[in-house]
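Chain residues, written in single-letter form:
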Amino acid sequence: SNELAGLLELRGDLVGADPASLSGWHGQLFARLEGAALGGWRSWIDYPVSIDGRGALNAWLTFDGARIVSSLIDLSLRSVRLQLDGTLPTLELMRLDGRIGGDFGPEGFSVSSRGLAMSFADGSIDLPRTDADLRISRGADGQPNAGHFAVNRLDVAALARLAQYLPLDAALHRQLAALAPDGQLSGVSLDWKGTAQAAPSWSVVARFDGIGFTAGGGWPGMAGLSGEIEGNDQSGRFTLASSGASI
């Protein structure tokens with residue numbers, strides 16, 4: 001139907017014995033949609049979140065039984081409406097473009113973005129293309145015991161604004177709103193290893209430019225803070241290169 005998509009293409013390489021039992025099947029599926037109306041597919045797809053919009057996407061999915069163990073999605077969407085939780089406001093985007101990938105298994109998971117860009121419908125935020133990686137490892141008890149996060153660039157103000165649409169703790173929402181952080185982060189790489197029962201080891205590398213936040217909670221306000229940080233749980237180096245910073 002043209003109301004659902006202008007073009008729908010499905011290809012797969014699936015292996016199984018009983019068509020009525022998805023738990024016994026495994027393999028790969030490719031789906032291509034052009035001019036797709038995401039909201040119109042709710043009758044067939046149980047979206048984990050409330051989403052609407054129109055555009056194109058290519059998706060490569062790897063199944064093990066009824067579970068998706070790997071995914072890679074290229075998307076180009078317009079007029080997107082997204083609500084991650086019924087208690088949260090609806091995120092309205094003029095556009096959402098880029099590639100999103102993920103791998104999921106008993107030993108952990110990883111998610112990534114390549115060239116991911118978005119523009120708010122009200123024109124207030126235009127996030128440039130971003131490459132990011134997050135990997136979480138789990139131990140034999142199923143609890144996280146190591147992780148890695150890297151991103152090429154982050155607009156701190158845009159990230160704080162975006163946070164109001166994410167299912168975060170209410171106190172954190174209030175704190176971000178009060179601090180009104182600003183500035184840019186780039187070349188960020190964070191690694192950690194450990195559990196909640198033991199002090200974790202960690203390392204971090206990042207550049208920051210024009211970082212600032214509003215005074216509050218006993219902390220002074222700052223603006224225009226620039227420099228680099230490199231260190232770990234044992235030692236580190238903090239370099240400031242700010243000519244117009246203020247406190």
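Residues numbered from 1 in each chain as written. Predicted model: local features only at pLDDT ≥ 70, side-chain atom pairs only at ≥ 80, totals over all residues. Heavy atoms only, no water.

Peer 1: Account for the side chain of His-148, naming residues and giving values.
Peer 2: If you trace the backbone, His-148 turns up in strand β8 (residues 144-155). In terms of polar contacts, His-148 uses its side chain to reach the side chain of Asp-191, at 2.8 Å. Other than its neighbours up to four places away in sequence, His-148 contacts Asp-133, Leu-134, Arg-135, Ser-189, Leu-190, Asp-191 and Trp-192. (Helix = DSSP H or I, 4+ residues; strand = E, 2+ residues; numbered from the N terminus. Polar contact = N/O pair within 3.5 Å; in protein donor to acceptor, adjacent residues only side chain to side chain. Contact = heavy atoms within 4.5 Å.)

Peer 1: Tell me about unusual backbone geometry, residues and numbers included.
Peer 2: For Ser-79, which is not glycine, the phi dihedral falls at a positive 50°. Summarising the element assignment, Ser-79 is placed in strand β4 (residues 67-83). Residue classification places Ser-79 among the exposed residues on the basis of a relative accessible area of 56%. The backbone of Ala-180 sits at a positive phi, close to 45°, despite the residue not being glycine. By the secondary structure assignment, Ala-180 is in the loop between α2 (170-179) and β9 (182-193). (Buried < 20%, exposed > 50% of the residue type's maximum accessible area, 1.4 Å probe, protein only.)

Peer 1: Account for the packing of aromatic side chains, naming residues and giving values.
Peer 2: Each pair of aromatic rings is reported with the distance of its centres and the angle of its planes. Going through the model one piece at a time under the given rule, you end up with three aromatic pairs. Ring centres of Phe-30 and Trp-60 lie 5.2 Å apart, and the angle between their planes is 45°; this geometry places the pair in the tilted category. Here Trp-60 lies in strand β3 (residues 50-64) and Phe-30 lies in strand β2 (residues 26-37), a separation of 30 residues in the sequence. With 6.2 Å between their ring centres and 70° between their planes, Phe-120 and Tyr-165 make a pair best called edge-to-face. With Phe-120 in strand β6 (residues 108-120) and Tyr-165 in the loop between α1 (156-163) and α2, this residue pair connects regions lying 45 residues apart in the sequence. On the basis of relative accessibility, which here comes to 2%, the residue Phe-120 falls in the buried class. Given the relative accessible area of 11%, Tyr-165 is considered buried. (Phe/Tyr/Trp six-rings, centres within 6.5 Å; stacked < 30°, edge-to-face > 60°.)

Peer 1: Please set out the environment of Ile-247 residue by residue, giving values where relevant.
Peer 2: Secondary-structure assignment places Ile-247 in the segment after β12 (236-240). Take Ile-247: its relative accessible area is 80%, and that puts it in the exposed class. Note: C-alpha distance between Ile-247 and Pro-106 (141 residues apart in sequence) is 47 Å. Residues in contact with Ile-247, not counting those within four places in the same chain, are Pro-220, Gly-221 and Met-222.

Peer 1: Let's hear about the environment of Leu-162: which residues, and what values?
Peer 2: Here Leu-162 lies in helix α1. When residues no more than four places from it in sequence are discounted, the contact partners of Leu-162 are Leu-91, Met-118 and Phe-120.

Peer 1: An account of the nonpolar core is needed here, citing residue identities and associated values.
Peer 2: Generally speaking, a soluble globular protein has its nonpolar side chains buried in company with each other. In this structure, Leu-91, Leu-93, Leu-96, Met-118 and Phe-120 are the most contacted members of the largest nonpolar core, which totals 23 residues. Mapped onto this core, the elements with two or more residues apiece are β2, β3, β4, β5 (91-105), β6 and α1. Of all hydrophobic cores here, the second largest spans five residues; its members include Ala-132, Val-151, Leu-154 and Ala-206. (Core = buried A, V, L, I, M, F, W, Y, C linked by side-chain atoms within 4.5 Å.)

Peer 1: Run through the confidence of the model for the protein, naming residues and quoting values.
Peer 2: The predicted model of the protein has a mean per-residue pLDDT of 87, with 96% of residues at 70 or higher. The least confident element of the protein is α2, whose mean pLDDT is 86; the most confident is β9, at 95. (pLDDT = per-residue confidence, 0-100.)

Peer 1: Go over the pattern of salt bridges, please, and point to the residues and values.
Peer 2: According to the stated counting rule, one finds 11 salt bridges in the structure shown. Ionic pairing is found between Asp-74 and Arg-99, a salt bridge with its closest N-O pair at 2.5 Å. In this pair, Asp-74 sits in strand β4 while Arg-99 sits in strand β5, placing the two residues 25 residues apart along the sequence. A salt bridge links Asp-133 to Arg-114; the nearest nitrogen and oxygen atoms lie 3.0 Å apart. A residue pair is termed long-range when its members are at least 10 positions apart, and Asp-133 in strand β7 (residues 126-138) and Arg-114 in strand β6 qualify at 19 residues. Overall, the relative accessible area of 23% leaves Asp-133 in the partly exposed class. Put simply, Glu-9, Arg-11, Arg-32 and Glu-34 are held in one network by salt bridges that share partners. (Salt bridge = Lys/Arg side-chain N within 4 Å of Asp/Glu carboxyl O.)

Peer 1: Break down α2 for me, with residues and values.
Peer 2: Among the residues of α2, the N-terminal cap falls to Asp-169, whose side-chain oxygen and the backbone nitrogen of Ala-171 are separated by 3.0 Å. Positive backbone phi, approximately 45°, marks Ala-180, located one or two places after α2.

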